[in-house]
Amino acid sequence: MTRGSTLPAHPLSPLSGCLAIPAQTRTSPAPAPAPAPLLDAFNTAPVDEAHRTLLACLRSLSWARRVADHRPYPTIDALLAASDEAAYDLTSGDLAEALAAETLPALPEDAYGAAHTALSAAHAAYEARFGHAFVISLAAVPPDERLDHVLEAIRSRLANDPEDERVVAAEELRRLGNARLVSCLRGPGV
C-alpha cells in the first residue's frame with residue numbers, strides 16, 4: 001500500500017550529499033572506535049560540502065556551521081559529541097528552522113489505511129497545538145513496532161505544555177541528527 005496523500009514525503013530522505021565512509025568489520029558486540037582514515041573525507045572536505053553533508057542530517061545552519069568549523073575530528077564519537085554540544089546550544093530560532101524542515105516519519109509500505117488516517121489526525125492535532133511537525137527518533141525501535149510507537153508518542157506528547165514539548169522536540173532532533181550523521185558517515189545499513 002502506498003502512502004496517503006495527506007502524509008508528505010520526508011524531505012531529508014536518503015541523506016543526499018552524504019559522504020559514504022566504509023563500515024568497519026566488528027568482531028565484538030560493542031562498536032569499535034572509528035580510526036581517523038574513516039573521517040578523512042569529511043574532515044578534509046571543502047566547507048560548503050561539509051555543510052551540505054551536515055544539513056542533510058539536521059537542517060540548522062548554525063548547527064552545521066558549528067560542527068563543520070570544529071573539524072578535524074579524530075573519531076566518529078568525537079564528531080557525535082560535537083554534534084550533541086551544538087544541538088544543545090540551538091536557540092529557539094535555530095530549533096524552529098530545523099523543525100520546519102521535518103515531517104512525519106514514513107509509514108511502512110504495508111501499513112493499512114486506518115493507520116494513515118490515525119497518524120494524519122494525530123499529526124494535525126500536534127501541528128495545530130505546537131506549530132511544527134512532530135519529530136521522533138526511531139533508531140532504537142524495531143521496524144514492526146514503529147507505527148505503534150509513533151502513534152503512542154504523538155498522543156502522549158499532545159499533553160505537554162509548549163515549553164516542555166520544545167525541550168522534548170529539541171532532544172528528538174538531536175537524536176535524529178546523530179542517527180543521520182552516523183548513517184551518513186558509516187554508510188546505509190551499518
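Overview of the structure. Remember, predicted model here, so these are calculated numbers, not experimental data. (Residues numbered from 1 in each chain as written. Predicted model: local features only at pLDDT ≥ 70, side-chain atom pairs only at ≥ 80, totals over all residues. Heavy atoms only, no water.)

The subject of this paragraph is the overall build of the protein. Within the protein, the regular secondary structure consists of eight helices and zero strands. Put simply, the protein runs from its N terminus to its C terminus through helices and strands in the order α-α-α-α-α-α-α-α. Taken over 190 residues, the protein has a buried fraction of 44%. Considering only intrachain contacts with a sequence separation of at least 6, the fraction spanning at least 24 residues in the protein is 71%. Of the accessible surface of the protein, which amounts to about 9,700 Å², a share of 57% is contributed by carbon and sulfur atoms. (Helix = DSSP H or I, 4+ residues; strand = E, 2+ residues; numbered from the N terminus. Buried < 20%, exposed > 50% of the residue type's maximum accessible area, 1.4 Å probe, protein only. Contact = heavy atoms within 4.5 Å. Areas by Shrake-Rupley, 256 points an atom, 1.4 Å probe, with all protein chains shown as cover.)

Look at helix H2 (residues 47-55) against helix H3 (residues 61-69): their axes get within 9 Å of each other, and the N-to-C directions meet at 130°. One element, H2, and the other, H3, form an angle in the oblique class. The two elements H2 and H3 cross, and the hand of that crossing is right-handed. Here H2 contributes Ala-50, His-51, Leu-54 and Leu-55 to the contact with H3, which in turn contributes Leu-61, Trp-63, Ala-64, Arg-65, Val-67 and Ala-68. In terms of residue class, the contact of H2 with H3 is made up of eight nonpolar, one polar and one charged. (Axes fitted to C-alpha atoms, helices over the stretch in contact; angles between N-to-C directions. Parallel < 35°, antiparallel > 145°, perpendicular 65-115°, else oblique. Left-handed = near helix turned anticlockwise from the far one by under 90°. Nonpolar A, V, L, I, M, F, W, Y, C, P; charged D, E, K, R; others polar.)

This part takes up the nonpolar core. With 46 residues, the main nonpolar core has Leu-54, Trp-63, Leu-79 and Phe-134 as its most contacted residues. Contributions of two or more residues to this core are made by helix H1 (36-44), H2, H3, helix H4 (76-88), helix H5 (92-100), helix H6 (113-130), helix H7 (146-157) and helix H8 (162-186). The element best represented in this core is H8, accounting for seven residues. Setting aside anything within four residues of it in sequence, one finds Leu-54 in contact with Phe-42, Trp-63, Ala-64, Val-67, Ala-68 and Leu-181. (Core = buried A, V, L, I, M, F, W, Y, C linked by side-chain atoms within 4.5 Å.)

Packing of H6 against H8 leaves a shortest axis separation of 11 Å and a crossing angle of 115°. For the pair H6 and H8, the contacting residues are Tyr-126, Arg-129 and Phe-130 in the first and Pro-162, Glu-165 and Ala-169 in the second.

Across the junction of Arg-71 and Pro-72, the peptide omega takes the value 5°, indicating a cis bond. In this fold, Pro-72 is placed in the loop between H3 and H4.

A full pass over the atoms with the stated rule returns two aromatic pairs. Considering the side-chain rings of Tyr-126 and Phe-130, the 4.7 Å spacing of their centres and the 50° angle between planes classify their relative orientation as tilted. In this pair, Tyr-126 and Phe-130 are both assigned in helix H6, four residues apart and thus about one turn of the helix distant. One exposure class covers both Tyr-126 and Phe-130, and it is buried. A connected cluster of aromatic rings, assembled from ring pairs, spans Tyr-126, Phe-130 and Phe-134. In this structure, Arg-71 packs its charged tip against the face of Phe-42, placed 5.6 Å from the ring centre. (Phe/Tyr/Trp six-rings, centres within 6.5 Å; stacked < 30°, edge-to-face > 60°. Lys NZ or Arg CZ within 6 Å of the ring centre and 35° of its normal.)

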